[in-house]
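Notes for the structure review
Here is how the chains run, residue by residue.
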Amino acid sequence: MAALGWLTPRRRSATARSVLAGEASAEAARKTARSDAPPQAAPAAPEAPETASGTGTETAADTVRESDAAADAGPAAAGEPAFPVPGDDLAAAFFDLDNTVMQGAAIFHFGRGLYKREFFRRRELARFAWQQAWFRLAGVEDPDHMQDARDSALSIVKGHKVSELMAIGEEIYDEYMAERIWPGTRALAQAHLDAGQKVWLVTAAPVETATIIARRLGLTGALGTVAESVDGIYTGRLVGEPLHGPAKAEAVRALAAAEDLDLARCAAYSDSHNDIPMLSLVGHPYAINPDTKLRKHAREHDWRLRDYRTGRKAVKVGVPAAAGVGAIAGGAAAAIALHRRRK
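Treat the numbers as computed from the prediction; the structure is a model and nothing was measured.

Here's the deal with the overall build of the protein chain
Per the secondary structure count, the protein chain includes 13 helices and eight strands. Each of the 343 residues in the protein chain was classed as buried or not, and the buried ones make up 54%. Of all intrachain contacts in the protein chain linking residues separated by at least 6 positions in sequence, the fraction that spans at least 24 positions is 69%. Here the protein chain displays about 14900 Å² of accessible surface, and carbon together with sulfur accounts for 55% of that area.

What follows is the structure, given as structure tokens:
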């Protein structure tokens, strides 16, 4: 019966717990980013996604602008200022992860990897499979649903070392996540990096998992759900609450204040109406692969929109239309195929 609650998403406003979650996430993100070499400053950044011509020699920013010109040619297109603005160090970009940067839910793929390593039994995997199937079919992130997924993950990692889960997370990224990155969204992120801006993932997934994904994509860092640890061991509790809905907005606000960013010059990208609080914070909100509610909201507020799932044309002039369309993931069927334990 608890699943019936997933059918009725509810609006939530920021609470003390969401503020705590946001501030903890921002602190963790900045600490991790400081410990890593800044990827956007390195000349050997990850390869830019191939362009439609297949040459791969253009920068991601060039790909975005050229695609815009081709897809949205018209009187307004010529007058559209370049975006992102090169050299604007008061601006940054914030990208939701699940179904915006990556097909499916990161926590589900992480669960598959832990199951393969016998962290839990088939019953828990079936639960992860159902959660992923609902996520894909319903196209919404209900807070109760996401909380249930987080609780499942916390119970699994309780008592394990943070360093152990980080090492396993690297392996899981290669096994299940790398091939599920949307090329179009990655090109948008790379365009911000090419412009000299910082790019952050913002997700309800564990901050450690999100940090691994951000590092692999050459991004600056990640804001994610912070699980409490004592002496490097997970306690099975969260700091605040999952980084979802209003908590994401609080994390972005806290990080912007710490980094001296001007939110009016920043951009945010998401597929979910649950992220409207985060999208509303910035001067350049983008709806990427949007659910029905976000698509409607984006149209009503003249936000830019792009859907890489179907190859639809952009709704608003000047929307980045970067290279490629990712393949559709197998969803729950892929997880069910893993039900047989690997010895």
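Once the structure has been displayed, the description carries forward.
What about the environment of Ser 280?
If you trace the backbone, Ser 280 turns up in helix α11 (residues 276-281). Ser 280 sits in the partly exposed class, given a relative accessible area of 46%. Each C-alpha atom of the pair Ser 280 and Trp 303 lies 9.9 Å from the other, and the pair is 23 residues apart in sequence. Within the local environment of Ser 280, its side chain forms a polar contact with the backbone oxygen of Ile 276, the two atoms lying 2.7 Å apart.

Section: the nonpolar core
Membership of the largest hydrophobic core comes to 43 residues, with the highest contact counts inside it found for Phe 95, Leu 114, Met 177, Leu 201, Ile 213, Leu 219 and Tyr 269. Element by element, the count of residues in this core is highest for helix α7 (residues 162-177), at seven residues. Those residues in contact with Phe 95 that sit more than four places away from it in its chain are Val 101, Thr 185, Leu 188, Ala 189, His 192, Val 199, Trp 200, Leu 201, Val 202 and Tyr 269. Listed in part, the 30 residues of the second largest apolar core include Leu 223, Ala 268, Met 278 and Trp 303.

Here we look at the sheet that holds strand β6 (residues 267-270)
The six strands are arranged β3-β2-β1-β6-β7-β8 in an open sheet whose pairing can be described as parallel. The two strands at the open ends of the sheet, each matched to only one other strand, are β3 (221-225) and β8 (304-306). Strand-to-strand twist in this sheet, taken as the mean axis angle between neighbours without regard to direction, amounts to 20 degrees. Across three bridges, strand β7 (residues 284-288) lies against β8 in parallel orientation. Looking at β8, one finds that Tyr 286 is bridged to Arg 304.

Considering the packing of helix α4 (residues 106-116) against α7
Running from N to C, α4 and α7 point in directions that differ by 105 degrees, and their axes come no closer than 9 Å. It follows from the interaxial angle that α4 and α7 lie roughly perpendicular. Contact residues: Ala 106, His 109, Phe 110, Arg 112, Gly 113, Leu 114 and Lys 116 in α4; Leu 165, Ile 168, Gly 169, Ile 172, Glu 175, Tyr 176 and Met 177 in α7. Taken together, the residues of the contact of α4 with α7 break down into eight nonpolar, three polar and three charged.

Some details on the pairing of β6
Here β6 shows two buried faces, one formed by Ala 267 and Tyr 269 and the other by Ala 268 and Ser 270. When strand β1 (residues 92-96) meets β6, the two strands line up parallel, connected through three bridges. Bridging across to β6, Phe 95 finds its partner in Tyr 269. Pairing geometry for β6 and β7, over four bridges, is parallel. Within β7, the residue paired with Ala 268 across the bridge is Pro 285. In this view, the connection linking β6 to its parallel neighbour β7 by way of α11 has right-handed handedness.

The rules behind each value
- Numbers given to residues run from 1 along each chain, matching the order in which its sequence is written.
- At least 70 in pLDDT is required for a residue's local features to be given in this predicted model, at least 80 for side-chain atom pairs to be given and counted, and no such filter applies to totals for whole chains, interfaces and linings, which use all residues.
- Remark: hydrogens and water are excluded; side-chain values derive from all non-hydrogen atoms of the structure.
- Secondary structure elements are taken from DSSP: a helix is a run of H or I of four residues or more, a strand is a run of E of two residues or more, and numbering for both begins at the N terminus.
- Here the term buried applies to any residue with accessible area under 20% of the maximum for its type, exposed to any over 50%, and partly exposed to those in between, with areas from a 1.4 Å probe on protein chains only.
- Two residues qualify as a contact provided that any one of their heavy atoms is within 4.5 Å of a heavy atom in the partner residue.
- Per-residue and other accessible areas were derived by the Shrake-Rupley procedure at a 1.4 Å probe size, with only the shown protein chains allowed to occlude residues.
- Counted as a polar contact is a pair of N or O atoms within 3.5 Å, where, for protein atoms, one must be capable of donating a hydrogen and the other of accepting one, and residues adjacent in sequence contribute only when both atoms are in side chains.
- In this description, a nonpolar core means a group of buried Ala, Val, Leu, Ile, Met, Phe, Trp, Tyr and Cys residues linked to one another through side-chain atoms lying within 4.5 Å.
- By this definition, two strands are paired if DSSP reports at least two bridges between them.
- To obtain each axis, a line is fitted to C-alpha atoms, and for helices this fit is confined to the stretch in contact; angles are then taken between N-to-C directions over 0 to 180 degrees.
- Convention used here: angles under 35 degrees read as roughly parallel, angles over 145 as roughly antiparallel, angles from 65 to 115 as roughly perpendicular, and any remaining angle as oblique.
- All amino acids are sorted into three groups, where Ala, Val, Leu, Ile, Met, Phe, Trp, Tyr, Cys and Pro are nonpolar, Asp, Glu, Lys and Arg are charged, and the leftover types, Gly among them, are polar.
- Crossover handedness is defined by viewing with both strands directed away from the observer: a clockwise path from the first strand over the helix to the second marks the crossover as right-handed.

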